[in-house]
Amino acid sequence: MNTPRITSPRFQRRARLGATAIAVAVAALLLAACGSGSDEGGGEAGEPETEGITVYSGRIAPLIGPAIDLYEADVDRDVQVRFGDSAPLAATILEEGDNSPADVFYAQDAGSLGALEDQGMLAPLPKRILREVPPRFRSDDGRWVGITGRSRIIAYNPDAVEASELPDSPLELTGPEWEGRVGWAPSNASLQAYVTALRATEGEEVAREWLEGMVANSTQSYASNVPVRDAIASGEIDVGLINHYYVAEAKSEQGPDYPVDVFFPPDDLGSLINVAGAGVLESSDRKQEGFEFIRFMLSEPVQDYFVESSREYPLAPGIDPPADVVPLNQIPAPEIDLSEISDLEGTLQLLQESGAL
Amino acid sequence: MAGLATGLRRVGTLRDGAAGRAGEVVFGSRRPPIGLLSLGVLAAVAAALPAIYLVVVVAGEASSAWETISDSRTLGLTLRTLALTAAVTSTAIAIGLPLAWLTTRTDLPARRIWATLTALPLVIPSYIGAYLLVSALGPTGLAADALGVDRLPSIYGFFGAWLTLSLFTYPLVLLSVRAALVRLDPQLEDAARSMGRSRRETFSSVILPQLAPAIGAGALLVALYVISDFGAVSIMRFDSFTREIYLTWQSSFDRTGAAALGLLLVLLSLALLAAYSWVRGSFNYHRSGPGTARPSAIVPLGRWRRPALAFCGFVTLIALVLPVGVLIYWAVQGIGEIDGRALASHAGNSLAAAGGAAAVAALLAVVIAILAVRFPGPLTRVVERLGFAGYALPGIVVALALVFFGTRVALPLYQTLAMLVFALTIHYLPLAVGAVSSSLLQVPPRIEEAARGMGRRPLNVFRTVTTPLVAGGIAAGAALVFLHALKELPATLLLAPIGFETLAIDIWRQTTLGFFEASAIPSLLLLVVAAPPLWWLTGRGEPSA
């Protein structure tokens, strides 16, 4: 095919160009590799401490970065942090098995921690850590503890809805007056935890009816909580089921006029408290350091930091909750044990059968 | 890409005429050198690792896997995914084919510029593209503001997924067809014209049939892209295979169920491959003798000039100007908060990972292409087909497979740059194999034979004679792998060394937080990094460039 072309000057010029492109790519690779290598080297040279533990974090860097900085300063060791979403990180740890580089798993929800616990991948935590956290915010087997708490809420756009119009229970959002006005994130762990809790307390049928009712009511699905909040702010929807701190965050960034407000529905677990928590891996050979890390996360400076920055509820005793949210003890939270709401699989099936997912 | 068309129909071409038989003579026998063969088998096994992993997992719990597969939902899922694939693929052809012709064969003003502009949407990752479309065309997006209406009809679901994927994958068809158009022998067209056929008849009876393999190759890549895409379908909330795999696995840690669906996806893509080679088999266009290498005549557009320009402009507007405009709009809002150093280091890391993958993939592609082109046989065909395994799977499956193997087989390499490069390489290897194969096809074995006749050793012949002649194809393959690896997300997230941040990771992190201003700048930088190789790719083979 087109035989003479390969000997034509044009083709050879192109060939040379191609070869040059490869050479450039390889050179760029080497340069970049050297560049990143020397960065690391520089960092290590400046801080002669020994290498510390490795944390897999389902919480985002801007949120727990400062908390980890506090810990690094305290123990004078580096911490390696791998960031990601909680569930993929948990699945990664499951794939990694005994060779996981992770020492601590810091998850955004109890479900991912429960999954690791069920597979026997978490080590029992010492009593002195477990004592710090109320029993309903830690695992029954004592293998993970909650570090901060968050509440489910109904977020709403005050320009579109009066607070007095809002229902006392999320279950009422299936009513005809809410058709097409509600947003949720069915693939998000927080909503799934709520459904699991609903199944555990009110029974399978109530949960199913609610989900089917929500779907039939043209509830808008989003990939996660933030887009739900943003859709409320932009007027795409009027109310949404999310966690309290998303609104607090946006208000502290964009000012008090940000057009999303928070309502804590008192009925039917509407204000369910879930936790971000941590556990130490059974496969870790630095368990003591892992325990110390978790203990430090429950210490006053770190708990205060979380209260300040993300408006979450502190779970260690004696720490004041954020001033601008309803205090934990005033939220009509059901006495439901987070360990009991680990049947995500059943929830997923229900979500799929009802067409929510 | 271009190469895939010719690359995949090589066997017929080579067997034709004296040149084909010479292929057997080059290395003295039809058996490939053992070193080359083992390297090729090694590369193929590496590329098949994700599929092997799926088999291992599914075999571990066969009954539960079967439960997932036989679930009635799975059929619906398959049909939905196929419907989306068919719709996107035909749209991509409808956009890509005319653009390819306009930018190679006509007197379209500023042809070369249009060629690059219309190919550029390729580098916009589907997760960014989908988000940008939502923010522009969503119910209360910028368009609703501009039109002064309260809300537009919902973009979510099939329509949104179709629109996003069509807009950002049609360049795969465009590039493939363009390259084929440039290579076409003008003699046939001239003959048809001299016998009184009109331009239109010539196009439909002479040019179009010759383009069929290239259209097929581009369509195949689009189809494979669609069935393995996660970003667009999840943002557009369309329930396709990949979204289901992700949800199954993330919501319930149901590894077996997810793996079973993953295997189905592999079968689906193998079926696509088979369908493609079957279609391709019915077209067999190649010259038996050497032809001329003169450029084809340029078709004057005449009164079609305006509509043609409008078409190019419209496609560029919605697939490139609109998304990039929204990006720039955000970037301007977030410009005060740029951390230049961090951005530079992310860009450096992206270059390292994508550049490394491009280089390794190009090397492996040369091995596989030599085996497949010069030593066609059952074993080398298997080697070549296996090379496709990694491309059809979603990045997340490739990543998990390598987590599994990394921690069990290659622990010292786990979470190193080498592992990430390896993952990206096997994920995008077929892109390079296609490009290298097609340029190897254009090198007549006679030349190698001549060198061999003068007493050179086979490897020496390949190094000194063949390699310089296929350098363009190798570079094109490397460039394609580079462009794809640059924007890859799930494998990069799971396999990068701790603290190794790339532009794609940065973008993902900022968008999950809803910080679109902050994500716009790394997104733009990603486009800037990707533009030069793409410019080079679109200019490749340009008659008048």
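Residues numbered from 1 in each chain as written. Chains lettered and ligands numbered in written order. Predicted model: local features only at pLDDT ≥ 70, side-chain atom pairs only at ≥ 80, totals over all residues.

Asks: Sorry, what's going on with the overall build of chain A here?
Replies: Along its length, chain A carries 12 helices and 10 strands. The buried share among the 357 residues of chain A stands at 51%. The long-range fraction of contacts in chain A, counting pairs at least 24 apart against all pairs at least 6 apart in sequence, stands at 76%. (Helix = DSSP H or I, 4+ residues; strand = E, 2+ residues; numbered from the N terminus. Buried ≥ 20, exposed ≤ 12 C-beta atoms within 10 Å, placed from the backbone. Contact = placed C-beta atoms within 7 Å.)

Asks: Would you mind showing me how to read the overall build of chain B here?
Replies: Scanning chain B from terminus to terminus reveals 26 helices and 0 strands. Within chain B, counting contacts between residues at least 6 apart in sequence, those at least 24 apart form 84% of the total.

Asks: Got a minute to help me understand the pairing of strand β1 (residues 51-57) of chain A in this structure?
Replies: Looking along a regular strand, one sees the side chains alternate between the two faces of the sheet. Residues and elements named next belong to chain A. Most of β1 is tucked away, with 5 of its 7 residues classed as buried. Sheet topology note: the β1/strand β2 (residues 78-83) ladder contains 5 bridges and is parallel. Across the sheet, residue Thr54 finds its bridge partner in β2, namely Gln80. (Pairing = 2+ DSSP bridges.)

Asks: Hey, could you run me through the packing of helix α3 (residues 86-96) of chain A against helix α20 (residues 395-408) of chain B in this one?
Replies: The description of two helices packed together rests on the angle between their axes and the distance between the axes. The N-to-C vectors of α3(A) and α20(B) enclose an angle of 35°; their axes lie 8 Å apart at closest approach. Crossing angle aside, the handedness with which α3(A) passes α20(B) is right-handed. Note on element contacts: α20(B) touches α3(A) through Leu400(B), Val403(B), Phe404(B) and Thr407(B), opposite Thr92(A), Glu95(A) and Glu96(A). (Axes fitted to C-alpha atoms, helices over the stretch in contact; angles between N-to-C directions. Left-handed = near helix turned anticlockwise from the far one by under 90°.)

Asks: Any chance you could explain helix α18 (residues 378-386) of chain B here in plain terms?
Replies: A turn of α-helix holds 3.6 residues, and therefore any two residues three or four places apart point the same way. Residue and element names in this part refer to chain B. Listed in full, the buried residues belonging to α18 are Thr380, Val383, Glu384 and Leu386. Taken down its axis, α18 places every buried residue within 165° of arc, on the same side. Where the residues of α18 are buried, they touch α4 (34-60), α17 (340-374), α19 (389-392) and α21 (417-441). (Arc of directions from axis to C-beta.)

Asks: Mind showing me how you'd approach the packing of helix α2 (residues 61-75) of chain A against helix α10 (residues 287-297) of chain A here?
Replies: Residues and elements named next belong to chain A. Taken N-terminus to C-terminus, the directions of α2 and α10 make an angle of 125°; their axes are 10 Å apart at the nearest point. Looking at the two axes, α2 sits oblique to α10. Two packed elements cross with a definite hand, and for α2 against α10 that hand is right-handed. Residues Ala67, Tyr71, Asp74 and Val75 of α2 pack against Glu292, Phe293, Phe296 and Met297 of α10. Broken down by class, the residue content of the contact of α2 with α10 amounts to 6 nonpolar, no polar and 2 charged. (Parallel < 35°, antiparallel > 145°, perpendicular 65-115°, else oblique. Nonpolar A, V, L, I, M, F, W, Y, C, P; charged D, E, K, R; others polar.)

Asks: Sorry if this is basic, but what is going on with helix α23 (residues 458-487) of chain B here?
Replies: The sharpest bend along α23(B) measures roughly 55° and falls at Thr467(B), with the proline Pro468(B) sitting one to four residues further on. For α23(B), a buried count of 22 out of 30 residues is recorded, marking the element as mostly surrounded by other parts of the structure. (Bend = angle between axes of the 7 residues up to and from the residue.)

Asks: Explain the pairing of strand β3 (residues 104-107) of chain A here, please?
Replies: Residues and elements named next belong to chain A. The alternating pattern of β3 places Val104 and Tyr106 and Phe105 and Ala107 on opposite faces, both of which are buried. As paired elements, β3 and strand β9 (residues 273-280) share 4 bridges and run antiparallel to each other. Residue pairing in the sheet places Phe105 in a bridge with Gly279 of β9.

Asks: I would appreciate a short explanation of the nonpolar core in the present structure.
Replies: Note on soluble globular proteins: their nonpolar side chains tend to be buried together. By size, the foremost hydrophobic cluster in this structure holds 287 residues, and its most contacted members are Phe105(A), Ala361(B) and Ala432(B). Setting aside anything within four residues of it in sequence, one finds Phe105(A) in contact with Tyr56(A), Leu89(A), Ala90(A), Ile93(A), Leu113(A), Leu116(A), Ala278(A), Gly279(A) and Leu281(A). (Core = buried A, V, L, I, M, F, W, Y, C linked by C-beta atoms within 7 Å.)

Asks: Can you help me understand unusual backbone geometry in this one?
Replies: In terms of backbone geometry, most residues other than glycine have negative phi values and most peptide bonds are trans. A positive phi is found at Asp268(A), a non-glycine position, where the angle reads about 50°. Considering the arrangement of structural elements, one finds Asp268(A) in the loop between β8 (261-263) and β9. A count of 21 C-beta atoms within 10 Å places Asp268(A) in the buried class. Here Ala110(B), not a glycine, exhibits a phi torsion of approximately 55°, which is positive. Tracing the sequence through the fold places Ala110(B) in the loop between α6 (72-105) and α7 (111-119).

Asks: Looking at this structure, I do not really get the environment of Ile34(B). What am I missing?
Replies: All names here are of chain B. Mapping Ile34 onto the fold places it in helix α4. Using a count of 8 C-beta atoms within 10 Å as the deciding quantity, one classes Ile34 as exposed. In this structure the C-alpha to C-alpha distance between Ile34 and Leu386, which are 352 residues apart in sequence, comes to 19 Å.

Asks: How should the confidence of the model for chain B be read in this particular structure?
Replies: Residue and element names in this part refer to chain B. Considering every residue of chain B, the mean pLDDT works out to 79; 86% of them sit at 70 or more. Below a pLDDT of 50 lies the segment residues 1-29, which in the model reaches 77 contacts outside its immediate sequence neighbourhood of four places, other chains included. Confidence over residues 284-290 falls short of pLDDT 50; this stretch has 13 contacts with residues more than four positions distant or in other chains. (pLDDT = per-residue confidence, 0-100.)

Asks: Help me understand the confidence of the model for chain A in this model?
Replies: Detailed reading of the predicted model is not advised wherever pLDDT is low. All names here are of chain A. Mean pLDDT for chain A: 82, with 84% of residues reaching 70 or above. Throughout residues 1-7 the model reports pLDDT below 50, and contacts reaching past four residues in sequence, or to other chains, amount to 20 contacts. The model gives residues 28-48 a pLDDT under 50, and that stretch makes 21 contacts with residues more than four places away or in other chains.

Asks: Whenever I open this one, the environment of Pro378(B) confuses me. Can you help?
Replies: Structurally, Pro378(B) can be placed in helix α18. In this structure Pro378(B) comes out as exposed when scored by C-beta crowding, with 7 C-beta atoms within 10 Å.

Asks: I keep staring at the environment of Arg311(A) and nothing clicks. Help me out?
Replies: All names here are of chain A. Within the secondary structure layout, Arg311 lies in the loop between α11 (300-310) and β10 (313-314). Accessibility expressed as a C-beta count within 10 Å gives 22 for Arg311, which makes it buried. Sequence-wise, Arg311 and Ser164 are 147 residues apart; in three dimensions their C-alpha atoms are separated by 24 Å. With residues up to four places along the chain from it excluded, the contact list for Arg311 reads Tyr245, Ala248, Glu249, Pro322, Asp324 and Val325.

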